[in-house]
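Here is what each chain is made of, one letter per residue.
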2 protein chains.
Amino acid sequence: MGLNAEIAAQPEIAERLLREGPAQLAPLVEAVRRRGVTHVVIAARGSSDHAAVYAQYVLGALGRLPVALAAPSLFTLYASPPRVADALVIGISQSGRSPDIVAVLAEARRQGALTAAITNDPDSPLTATAEHRLDLQAGAERSIAATKTYTAELLVIAMLAVALGTDASWDDALAAVPDAQRAALELSGRAAELADERAGLADCVVLGRGFNLATAHEWALKLKELAYVRAQAYSSADFQHGPVASLAPGADVLAIVAPGPLAADAADLVGRLRTERRARVLLLAPEPMPGTDHLGVPAGVPEWLSPLVSIIPAQLFVAALARAKGLDVERPRGLHKVTLTR
Amino acid sequence: MGLNAEIAAQPEIAERLLREGPAQLAPLVEAVRRRGVTHVVIAARGSSDHAAVYAQYVLGALGRLPVALAAPSLFTLYASPPRVADALVIGISQSGRSPDIVAVLAEARRQGALTAAITNDPDSPLTATAEHRLDLQAGAERSIAATKTYTAELLVIAMLAVALGTDASWDDALAAVPDAQRAALELSGRAAELADERAGLADCVVLGRGFNLATAHEWALKLKELAYVRAQAYSSADFQHGPVASLAPGADVLAIVAPGPLAADAADLVGRLRTERRARVLLLAPEPMPGTDHLGVPAGVPEWLSPLVSIIPAQLFVAALARAKGLDVERPRGLHKVTLTR
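(A) Examining the overall build of chain A more closely. When helices and strands are counted, chain A shows 14 helices and ten strands. Counting only C-alpha atoms, chain A reaches 55 × 45 × 40 Å along its principal axes. Taking all 342 residues of chain A together, the buried fraction comes to 67%. Once local pairs closer than 6 in sequence are excluded, the contacts in chain A between residues at least 24 apart make up 77%. Seen as two clouds, the 32 positive and the 36 negative side-chain charges of chain A have centres 6 Å apart.

(B) A look at the relation of the copies chain B and chain A. After a rotation of 180° and a shift along the axis of 0.0 Å, chain B superposes on chain A with an RMSD of 0.0 Å. Considering both components of the superposition, the chain copies are consistent with a two-fold axis. For chain B, the smallest separation between a C-alpha atom and the rotation axis is recorded for alanine 68 of chain B, amounting to 1.9 Å. Counting the interface residues of chain B, we find that 100% of their copies in chain A are interface residues as well, pointing to one common contact surface.

(C) Seen up close, the interface of chain B and chain A. Each partner contributes to the interface: chain B provides 67 residues, whereas chain A provides 68 residues. At the junction of chain B and chain A, the tally comes to four salt bridges. With a closest N to O distance of 3.3 Å, arginine 230 of chain B and aspartate 203 of chain A form a salt bridge. On the surface where chain B and chain A come into contact, there are 25 residue pairs in polar contact (both at pLDDT 80 or more). Among the secondary structure elements, those contributing two or more residues to the side of chain B that touches chain A are α3 (47-61), β2 (67-69), α4 (72-75), α11 (213-227), β7 (230-235), α12 (236-240) and α13 (263-277) of chain B. Sort the elements by how many residues they give to the side of chain B that touches chain A and β7 of chain B lands first, with six residues. Grouping the constituent residues of the side of chain B that touches chain A by class yields 32 nonpolar, 19 polar and 16 charged.

(D) View of the environment of glutamate 287 of chain A. When you line up the elements, glutamate 287 of chain A lands in the loop between β9 (280-285) and β10 (293-296). Looking at glutamate 287 of chain A, the relative accessible area reads 57%, which means it is exposed.

(E) Region of the structure containing the environment of arginine 274 of chain A. Residue and element names in this part refer to chain A. Mapped onto the fold, arginine 274 is located in helix α13 (residues 263-277). Taking the C-alpha atoms as reference, arginine 274 lies 42 Å from alanine 163; in sequence the two are 111 residues apart. Beyond its immediate chain neighbours, meaning those up to four positions away, arginine 274 contacts Ala279, Val281, Pro290, Gly291 and Thr292. Within the structure, arginine 274 has its side chain in polar contact with the backbone oxygen of glycine 291 (distance 3.4 Å).

(F) The sheet that holds strand β9 (residues 280-285) of chain B, seen in detail. All names here are of chain B. Pairing in this open sheet of five strands is parallel, and the strands run β7-β6-β8-β9-β10 from one edge to the other. With partners counted over all chains shown, the strands left at the sheet margins are β7 and β10 (293-296), one partner each. Here the average twist between neighbouring strands, direction ignored, is 20°. Sheet topology places strand β6 (residues 203-208) next to β7; six bridges connect them, and they run parallel. Bridge pairing links valine 205 to glutamine 232 in β7. The sheet contacts of helix α10 (residues 188-197) involve β9 and β10, and relative to β10 the element is tilted by about 150°.

(G) Spotlight on the pattern of salt bridges. Counting across every chain of the model gives 36 salt bridges over all chains. Ionic pairing is found between arginine 110 of chain B and glutamate 107 of chain B, a salt bridge with its closest N-O pair at 3.0 Å. Taken together, the positions of arginine 110 of chain B and glutamate 107 of chain B, both in helix α5 (residues 99-111) and three residues apart, correspond to about one turn of that helix. Taken together, the shared-partner salt bridges connect Glu197, Arg198, Asp252, Arg280 and Asp293 of chain A into one network.

(H) Broad picture of helix α10 (residues 188-197) of chain A. Residue and element names in this part refer to chain A. The set of residues buried in α10 consists of Ala191, Ala192, Leu194 and Ala195. Projection of α10 onto a plane perpendicular to its axis shows the buried side chains occupying an angular sector of 165°, all on one side. On its buried side, α10 packs onto β9, β10 and α14 (307-324).

(I) Summary view of the state of the cysteines. Applying the stated rule across the entire model yields zero disulfides over all chains. Not engaged in a disulfide, the cysteine cysteine 204 of chain B finds its nearest cysteine sulfur in cysteine 204 of chain A; these two sulfurs lie 16 Å apart.

(J) Broad picture of the pairing of strand β3 (residues 88-93) of chain B. All names here are of chain B. Across the six residues that make up β3, a large majority, six, are buried. Of the two faces of β3, the one carrying Leu88, Ile90 and Ile92 and the one carrying Val89, Gly91 and Ser93 are both buried. In this sheet, β3 lies alongside strand β1 (residues 40-44) in parallel orientation, the contact comprising five bridges. Counterpart to alanine 43 in the pairing with β3 is glycine 91. Pairing geometry for β3 and strand β4 (residues 114-119), over six bridges, is parallel. The partner of isoleucine 90 across the bridge, within β4, is alanine 116. Assessed by its sense of winding, the connection that carries the chain from β3 through α5 to β4 is right-handed.

(K) Representation of the sheet that holds β9 of chain A. All names here are of chain A. Taken in spatial order, the five strands of this open sheet run β7-β6-β8-β9-β10, and their pairing is parallel. The open sheet terminates on both sides in strands that have one partner only, identified here as β7 (230-235) and β10. The mean angle between the axes of side-by-side strands here comes to 20°, regardless of whether they run parallel or antiparallel.

(L) Broad picture of α11 of chain B. All names here are of chain B. Taking 1.5 Å of rise per residue, 15 residues should cover 21 Å, and α11 covers 21 Å from first to last C-alpha, within 8% of that figure. Judged by how many residues are buried, α11 sits mostly within the fold: 14 of 15 residues are covered. With its phi angle positive at about 55°, tyrosine 228 sits one or two positions after the end of α11.

What counts, and at which threshold
Starting from 1, residues in each chain are numbered consecutively following that chain's sequence as written. Following the order in which they are written, the chains are lettered starting with A and the ligands numbered starting with 1. Selection of residues for local features in this predicted model requires a pLDDT of at least 70, selection of side-chain atom pairs for listing and counting requires 80 or more, and totals for whole chains, interfaces and linings are taken over all residues. Working from all heavy atoms in the structure, the side-chain values ignore hydrogens and water. Where helices and strands are cited, they refer to DSSP runs of H or I of at least four residues and of E of at least two residues respectively, numbered from the N terminus. Using a 1.4 Å probe on the protein chains alone, a residue whose accessible area is under 20% of its type maximum counts as buried, one over 50% counts as exposed, and one in between counts as partly exposed. We call two residues in contact when some of their heavy atoms are within 4.5 Å. Neither His nor the chain termini are counted; the positive set is Lys and Arg, and the negative set is Asp and Glu. Working definition for charges: the position is that of NZ of Lys, CZ of Arg, CG of Asp or CD of Glu. When the copies are superposed, the least-squares fit draws on C-alpha atoms of residues that have pLDDT of at least 70 in both. Whenever Lys or Arg places a side-chain nitrogen within 4 Å of a carboxyl oxygen from Asp or Glu, that contact is recorded as a salt bridge. Two N or O atoms form a polar contact when they lie within 3.5 Å of each other; inside protein one atom must be a possible hydrogen donor and the other a possible acceptor, and for residues adjacent in sequence the pair counts only when both atoms belong to side chains. Amino acid classes used here: Ala, Val, Leu, Ile, Met, Phe, Trp, Tyr, Cys and Pro are nonpolar; Asp, Glu, Lys and Arg are charged; the rest, including Gly, are polar. A strand pair is defined by DSSP finding two or more bridges across the two strands. Between the N-to-C directions of two axes lies an angle of 0 to 180 degrees, each axis being a line fitted to C-alpha atoms and, for a helix, fitted only over the stretch in contact. Our arc is simply the arc of the directions from the helix axis toward the C-beta atoms. Cysteine sulfurs are considered disulfide-paired once they come within 2.5 Å of each other. By definition, the crossover connecting two strands over a helix is right-handed if that path, from the first strand to the second, turns clockwise as seen with the strands pointing away from the viewer. The length a helix should cover is 1.5 Å for every residue beyond the first.

Structure below.
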């Protein structure tokens with residue numbers, strides 16, 4: 001199964017997870033409640049780290065839990081781990097084999113913390129280390145760049161947030177994800193058109209905020225891995241605290257604007273980058289904006305679930321851009337499917 | 001006082017803080033102990049956010065506390081703040097005036113959390129909002145790019161970590177910071193030489209890890225703000241999980257290698273980038289490495305304090321690079337001293 005097939009498989013994987021995930025989630029949710037967990041610590045790298053960024057927002061907003069991203073080197077090379085006994089400690093890893101992520105979970109369990117592994121390999125060391133397991137059930141991912149396991153990670157985290165929360169309507173919102181993802185897959189033609197117009201793209205910034213800060217990071221990573229674009233992701237708020245100075249006139253900006261309370265500020269920033277910096281803007285959003293190139297995002301899910309949908313046109317764009325640049329998406333320079341850092 | 005004078009003032013500011021800071025720290029440390037605080041939540045933007053990255057490591061390693069970086073939009077635009085009543089919530093802001101940082105502290109205080117403001121303006125809204133205040137006492141910072149307030153923020157955080165910890169030798173290590181910073185200021189000639197050789201620098205990656213991940217982020221931000229370099233900072237571990245693919249042959253790499261348990265892996269990565277990617281490497285480290293250009297970092301402080309020293313040659317390099325490019329460091333494109341995001 002190649003990259004394009006894995007991108008196309010995402011709605012079906014979401015359906016399976018929505019059907020079979022709750023049975024694995026229930027004992028973890030019960031344990032979180034019983035122990036009165038007050039915060040979450042997550043260890044992850046690469047695309048899984050972007051799923052952790054999403055977790056900061058969705059576990060914060062729906063589950064009301066603050067989320068710390070673990071600094072794995074404190075647990076490994078420095079051997080000075082923080083005390084995490086009162087936390088829920090989650091390891092997220094497609095392969096379940098990165099030694100530093102396994103080490104964080106092992107130390108957390110040693111300290112007596114509640115632990116959970118989110119992984120696509122139920123026989124991995126990470127699964128063996130954690131007390132609770134949340135399997136992605138996405139089927140083997142052969143492409144080096146994670147796509148279907150990324151959205152599966154987001155969905156497991158969203159399901160956890162919903163289960164920890166209080167609003168019955170959230171379950172209906174989850175059920176709408178697969179169809180919204182199917183509609184997003186229909187955008188492959190438009191994504192290819194925009195990619196062909198940008199076949200020379202060498203560097204750009206990718207702006208998002210809130211729930212879709214994760215989308216900005218993941219889109220930038222795919223651009224780097226597969227299309228060798230020096231893409232730099234920012235929260236659109238952080239971008240204005242300094243990095244905006246480095247934006248050359250006429251530079252490429254990819255912007256994600258989700259509907260919701262952040263949309264007005266984001267649209268305002270995009271407008272200013274266009275007029276004051278003459279930026280060439282590719283806008284990933286439900287609605288177009290004048291003077292920008294528009295890659296649509298299907299409606300149908302609330303903002304807190306939009307990262308599971310908006311990343312799909314972004315993936316399609318990157319795959320098309322790599323093709324336009326004549327690059328082999330199955331053999332990115334210097335990468336392997338499993339990266340072992342300690 | 002211009003940028004160069006503010007860079008030069010850092011040792012004197014550190015001396016003042018070491019002398020006068022403990023009186024402000026004592027009641028906060030007493031409250032952390034009394035309440036049995038189990039984790040820390042920090043809200044910050046720009047350079048102050050890099051001080052927060054340092055806090056993740058130094059409060060984790062010395063104070064054994066996990067640190068979450070707040071997602072301010074959850075507190076402001078989304079109005080769905082996580083529960084932080086059991087945490088120590090710290091706002092870090094040079095000006096103390098960013099509305100979103102103030103909003104995080106206001107909500108934390110409303111929830112009954114222990115709160116502290118680290119700022120250079122004792123009359124700011126942030127100071128008025130937090131229960132405890134830790135003043136930087138760095139004198140007005142006129143340059144748009146933060147330098148002296150950044151190292152002062154690091155020092156306040158290191159002093160807090162030492163006060164929460166258990167090792168009497170840590171106080172002696174703190175006392176050695178001003179002299180190590182003075183020795184670092186002596187590197188301005190070498191920094192200018194390396195900057196002149198790189199007057200055409202347009203983009204680069206900046207690699208660091210552990211305590212000096214903060215240094216990598218802060219160095220990259222200064223490069224963007226003052227020298228308009230598209231500099232992208234990475235943990236050298238995260239870099240290998242994908243972004244390495246985007247590194248073109250012969251690309252510029254700036255690498256920070258501090259002495260300590262991470263040094264061997266970092267040196268190994270630098271060697272591979274040199275040989276496999278023909279990277280042009282500028283090495284910020286106590287010792288040189290073959291085939292790289294070396295910008296020294298004075299010894300004299302342990303690794304956990306090295307970010308307070310290693311950023312100084314990096315600041316000197318950026319100031320010299322901006323000069324070599326003919327840019328005005330006091331008027332960076334599109335920036336203001338105080339950025340108001342919500």
